[in-house]
Amino acid sequence: MFKNLTVYRIGSEWATTAAEIETELEKARFAPCGASQEKSIGWLEPRGIDHGPLVEVVDGHILLKLMVEQKVVPSSVVKRRCDEIAAQIEKQTGRKPGKKQVKELKEQALHELLPMAFTKQAVTRVWIAPRERMLIVDTGSQARAEEVVTLLVQAIPGFAVSLIQTEMSPQVAMAHWLGTGEAPYAFTIDRECELKSTDEMKSVVRYARHPLDTEEVRQHIVSGKVPTKVAMTWRDRVSFLFTESLQLRKIAFLDVVFEGTSAASAKQDKAEAFDADAAIATGELVELIPELLEALGGELEPGSMSQGTAVPEVARSSSVQDSVAAGEAAEAPPWA
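## Here we look at the overall build of the protein chain
Tallying secondary structure elements over the protein chain gives 10 helices and 12 strands in all. Evaluated residue by residue, the protein chain yields a buried proportion of 42% over its 336 residues. Considering only residue pairs separated by 6 or more positions, the protein chain has 69% of its internal contacts joining residues 24 or more positions apart.

Put into structure tokens, the structure is as follows:
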């Protein structure tokens, strides 16, 4: 059900019911683009049932779905039509359109082409965990996550969120895990990562299907490269790609999560299958996320400064880096 997670903390004073959220979102229910409309955005039924509720509640978790539909008009096509209109004007008046008029002609050309354009659609799942005070947006795009947050803040009275900040930055924590070969409690390091240099060269090293507990990886960290992505598994149940921006991508629920459910799922109807998938996904991830935050030293209050955000400086001076450079096993800090 969820593939990529961007996690926010909901403000402590917010409280509302699913019915109240339904009422507010109904005002912005999705409608397809009109003939001359370039973009349409709105809320869809999470179960995919036409004219159904826009808010679903499974085990206390609130599930939403946002649809963005956009007309696709290639810029080259717009330019060609704009040039055609400009040529007609020049032929009729004997002069070329000026810059201001050309800008207006581009808008005219786009307006003419929109009724003939194809549309593309993108769906984003949204999960509100009221007990845990978390908003989780199923996207790896920060821009899309912020778009969802803006729409929710505009729609739901009193709704306010902030990005989660941790005591140890993800980059510093990942550097420690890779540099010492020691994953945090309840997690394992898998076989994929990305390392970037912080100098003007901006060089990148990527590993895929490759062991990461090697001297080669440690030397990259010693030389100043910082991890931006590391593949991890939580309690042999959920695998994911952890990023420098505290996002979880490529989420996959492992077979052990579904033990005992396959036989029953074959007899389930669509509604029961939705409930089962939602319960499994939220049940696993609502335990994973706090343990991941704990592995990063715990959560900071909004507005606080995270320790270790200056990654290049840490890479040069931390005891972890010194011990890696010396070829010795570093002692894990208390938060590991």
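## Thoughts on the packing of aromatic side chains
A full pass over the atoms with the stated rule returns four aromatic pairs. Note on W14 and F159: the rings are 5.0 Å apart at their centroids and 85° apart in plane angle, and the pair reads as edge-to-face. With W14 in the loop between β1 (6–10) and α1 (18–26) and F159 in the loop between α4 (142–155) and β7 (161–163), this pair connects stretches of sequence that are 145 residues apart.

## Here we look at the sheet that holds strand β8 (residues 187–196)
Working definition: the strands of a sheet are paired by backbone hydrogen bonds and lie parallel or antiparallel to each other. The five strands are arranged β9-β8-β10-β11-β12 in an open sheet whose pairing can be described as antiparallel. With partners counted over all chains shown, the strands left at the sheet margins are β9 (204–208) and β12 (248–253), one partner each. On average, adjacent strands in this sheet sit at an angle of 15° to one another, irrespective of strand direction. Pairing between strand β11 (residues 238–243) and β12: four bridges, direction antiparallel. The partner of L241 across the bridge, within β12, is R249. Relative to the sheet, helix α5 (residues 170–180) contacts β8, β10 (226–234) and β11, its axis offset from that of β10 by approximately 70°. Strands in contact with helix α6 (residues 215–222) are β8 and β9; relative to β9, the strand with the most contacts, it is inclined by about 155°.

## Concerning the packing of helix α2 (residues 75–93) against helix α3 (residues 99–113)
Two numbers describe how α2 lies on α3: the axes approach to 8 Å, and their chain directions differ by 120°. Taken as axis vectors, α2 and α3 run oblique relative to one another. Every pair of crossing elements has a handedness; the one defined by α2 and α3 is right-handed. Side by side, α2 and α3 meet where V77, V78, R81, C82, I85, A86 and I89 of the first sit next to Q101, V102, L105, K106, Q108, A109, L110, E112 and L113 of the second.

Definitions and limits used
Within every chain, residues take consecutive numbers counted from 1 along the sequence as written. Whole-chain, interface and lining totals are the exception, using all residues; otherwise, since this is a predicted model, local features are given only for residues with pLDDT of at least 70 and side-chain atom pairs are given and counted only at 80 or more. Excluded from the side-chain calculation are hydrogens and water; included are all heavy atoms of the structure. To qualify as a helix, a DSSP run of H or I must reach at least 4 residues; to qualify as a strand, a run of E must reach at least 2; elements of each kind are numbered from the N terminus. Each residue is assigned to one of three classes by its accessible area relative to the maximum for its type, calculated with a 1.4 Å probe on protein chains only: buried under 20%, partly exposed between the two thresholds, exposed over 50%. Contacts are assigned to residue pairs with any non-hydrogen atoms lying within 4.5 Å of each other. Put simply, two rings from Phe, Tyr or Trp (the six-membered ring, in Trp's case) pair if the centres are within 6.5 Å, and we call them stacked under 30 degrees between planes, edge-to-face over 60, tilted for the rest. The pairing criterion for strands is at least two bridges between them, as found by DSSP. Inter-axis angles, ranging from 0 to 180 degrees, are taken between N-to-C directions of lines fitted to C-alpha atoms, where helices are fitted over the stretch in contact. Here the angle decides the label: under 35 degrees means roughly parallel, over 145 means roughly antiparallel, 65 to 115 means roughly perpendicular, and every other value means oblique. For a crossing to be left-handed, the near helix must be turned anticlockwise from the far one by less than a right angle; the clockwise case is right-handed.

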